[in-house]
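A look at the structure
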Amino acid sequence: MIQKKRHVITISDFTKEDFEQIFQRADYLQKENVKTLTGKIIATLFFEPSTRTRLSFESAAQRLGATTLGFSDIHATSVVKGESLAHTIKMVNGYADAIVMRHPRDGAAKYASTISKIPIINGGDGANQHPSQTMLDLYAIRSHFGKIDGIKIAMIGDLKYSRVLHSLTTALRLYDAQITFIAPEELKMPQKYTRENDTQTTDLNAALNCDVIYSTRIQKERFTDLNEYNRLKDTYLITENFTNQLQPNAIILHALPIVNEIDTKVDKNPKAKYFKQANDGVYVRMALLDAILG
Ligand code: NCD
């Protein structure tokens, strides 16, 4: 059982049973209108840009009866005056019952949790972790295949900086999943996330026999060398032609935003599940908030 009032910092703190609890609650919350968070206040502190993570947490909180406050642009906060993260977290402890935060620095959420008396939910810290995204990614896989065990997944693109795939890879170790990492040499999955049985390649065609194709954006903001970004940004493009060669029951996932790694023509293809993935994410985030604060 997921403990009440707990922090959500890294996906490795969760078990298969915890995930199943979230999935079942998300299934339920899709059908039933419950207000288990009435009177609660959820703060969303976004020190880095976001559309889905912030808005879907706010939607999830409000659908459960909570209210929300926060910021999505640090330029409108005392951060620009030089306020420390510690002081910001300390203050918001008096304004809210939980904090969803995103920060450009790896480990920022963990650090915030050492200061905060109210739960911290990590909405992405640098290139490190994005646990709630993983819960909704697993939910998308389970929704389509009815299970997670036994799936073959290809992870494509910026595997070096993708906190989304760092979290997802960690979680998939709890399941019997076969992982193929597809990335240019410079953006390979860091060794700490890989296992001997994984396939590692630069060849996009290695995805053709997979059930789940997980494409990622090449993350310009994480590069120190813009020339390298420009050289790598168009390495892989998921086209309609490629999509048509996939396994009949295969699905394409993406955490969004898509920049130019998936041709917009693919959006209409029934294999493209990224909009459903993001929409269902609201129920998963409702289930998570409900487990911690409901
Ligand atoms: C991702 C992120 O912020 O890590 N997006 C998201 O949360 N939906 C991926 C990305 O920005 O490319």
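Reading guide: rules and limits
- Residues numbered from 1 in each chain as written.
- Predicted model: local features only at pLDDT ≥ 70, side-chain atom pairs only at ≥ 80, totals over all residues.
- Heavy atoms only, no water.
- Helix = DSSP H or I, 4+ residues; strand = E, 2+ residues; numbered from the N terminus.
- Buried < 20%, exposed > 50% of the residue type's maximum accessible area, 1.4 Å probe, protein only.
- Contact = heavy atoms within 4.5 Å.
- Phe/Tyr/Trp six-rings, centres within 6.5 Å; stacked < 30°, edge-to-face > 60°.
- Pairing = 2+ DSSP bridges.
- Axes fitted to C-alpha atoms, helices over the stretch in contact; angles between N-to-C directions.
- Salt bridge = Lys/Arg side-chain N within 4 Å of Asp/Glu carboxyl O.
- Patch = residues over 30% accessible without salt bridge, like charges linked within 9 Å, V, L, I, M, F, W, Y side chains within 5 Å.
- Areas by Shrake-Rupley, 256 points an atom, 1.4 Å probe, with all protein chains shown as cover.
- Near = heavy atom within 4 Å.
- Polar contact = N/O pair within 3.5 Å; in protein donor to acceptor, adjacent residues only side chain to side chain.
- Nonpolar A, V, L, I, M, F, W, Y, C, P; charged D, E, K, R; others polar.

Some thoughts on the environment of Leu-256
The residue Leu-256 is located in the loop between β9 (251-253) and α9 (274-293) in this model. Leu-256 gets classed as buried once you look at its relative accessible area, which sits at 13%. Separated by 22 residues in sequence, Leu-256 and Ala-278 place their C-alpha atoms 8.1 Å apart. Ignoring anything within four residues of it in the chain, the contact list for Leu-256 reads Arg-52, Tyr-274, Phe-275 and Ala-278.

Side note on the packing of aromatic side chains
Under the criterion given, the structure shown has seven aromatic pairs. The interplanar angle of 90° and the centroid separation of 5.2 Å between the aromatic rings of Phe-47 and Phe-71 together place this pair among those described as edge-to-face. One end of the pair, Phe-47, is in the loop between β1 (41-46) and α2 (52-63); the other, Phe-71, is in strand β2 (residues 67-71), and 24 residues separate them in sequence. Considered together, Phe-47 and Phe-71 belong to a single accessibility category, that of buried residues.

So, the sheet that holds β2
One open sheet accounts for four strands, arranged β2-β1-β3-β4; its pairing is parallel. Both edges of this open sheet fall to β2 and β4 (120-125), since each of them pairs with a single strand only. Neighbour to neighbour, the strand axes of the sheet diverge by 15° on average, direction disregarded. Relative to β4, strand β3 (residues 98-103) runs parallel, the two being bridged by four bridges. The residue bridging Met-101 from the neighbouring strand is Asn-122, located in β4. The strands touched by helix α3 (residues 85-92) within the sheet are β1, β2, β3 and β4, with β3 carrying the most contacts at an inclination of about 155°. The strands that α9 touches are β1, β3 and β4; relative to β4, the one it contacts most, it runs at about 145°.

Looking at the pattern of salt bridges
Counted under the stated rule, the structure contains 14 salt bridges. For Arg-25, the salt bridge goes to Asp-290, with nearest N and O atoms at 2.6 Å. Residue Arg-25 is found in helix α1 (residues 16-31), and its partner Asp-290 is found in helix α9; the two are separated by 265 residues along the sequence. Residue Asp-27 pairs with Arg-142 through a salt bridge whose shortest N-O separation is 3.3 Å. With Asp-27 in helix α1 and Arg-142 in helix α5 (residues 131-145), this residue pair connects regions lying 115 residues apart in the sequence. Classification of Asp-27 as partly exposed rests on a relative accessible area of 25%. Its relative accessible area of 17% is what places Arg-142 among the buried residues. The structure contains a network of salt bridges with shared partners spanning Glu-20, Asp-27 and Arg-142.

Focus on a nonpolar patch on the surface
Nonpolar side chains collect at one region of the surface, where Leu-69, Met-91 and Tyr-95 lie side by side and expose about 280 Å² of accessible area between them. When you line up the elements, Leu-69 lands in strand β2.

Things to note about the sheet that holds strand β5 (residues 152-156)
Read across the sheet, five strands follow the order β7-β6-β5-β8-β9 without closing on themselves; strand pairing throughout is parallel. This sheet does not close on itself; its edge strands, each paired only once, are β7 (199-201) and β9. Averaged over all pairs of adjacent strands, the angle between strand axes in this sheet comes to 20°, irrespective of strand direction. Taken together, the three bridges between strand β6 (residues 178-182) and β7 define a ladder with parallel strand orientation. Bridging from a neighbouring strand, Phe-181 pairs with Gln-200 of β7. Contacting β5, β8 (212-215) and β9, α5 crosses the sheet at an angle of about 170° to β9.

Examining the site of the ligand
Lining the immediate environment of the ligand, one finds Thr-53, Arg-102, His-130, Gln-133, Arg-163, Val-164, Arg-217, Ala-255, Leu-256 and Pro-257. Between the ligand and the protein, one listed contact pairs an oxygen atom with a side-chain N or O atom of Arg-163 at 2.7 Å. For the ligand, whose unbound accessible area comes to 320 Å², protein coverage reaches 91%. Taken together, the residues of the shell around the ligand sort by class into four nonpolar, three polar and three charged.

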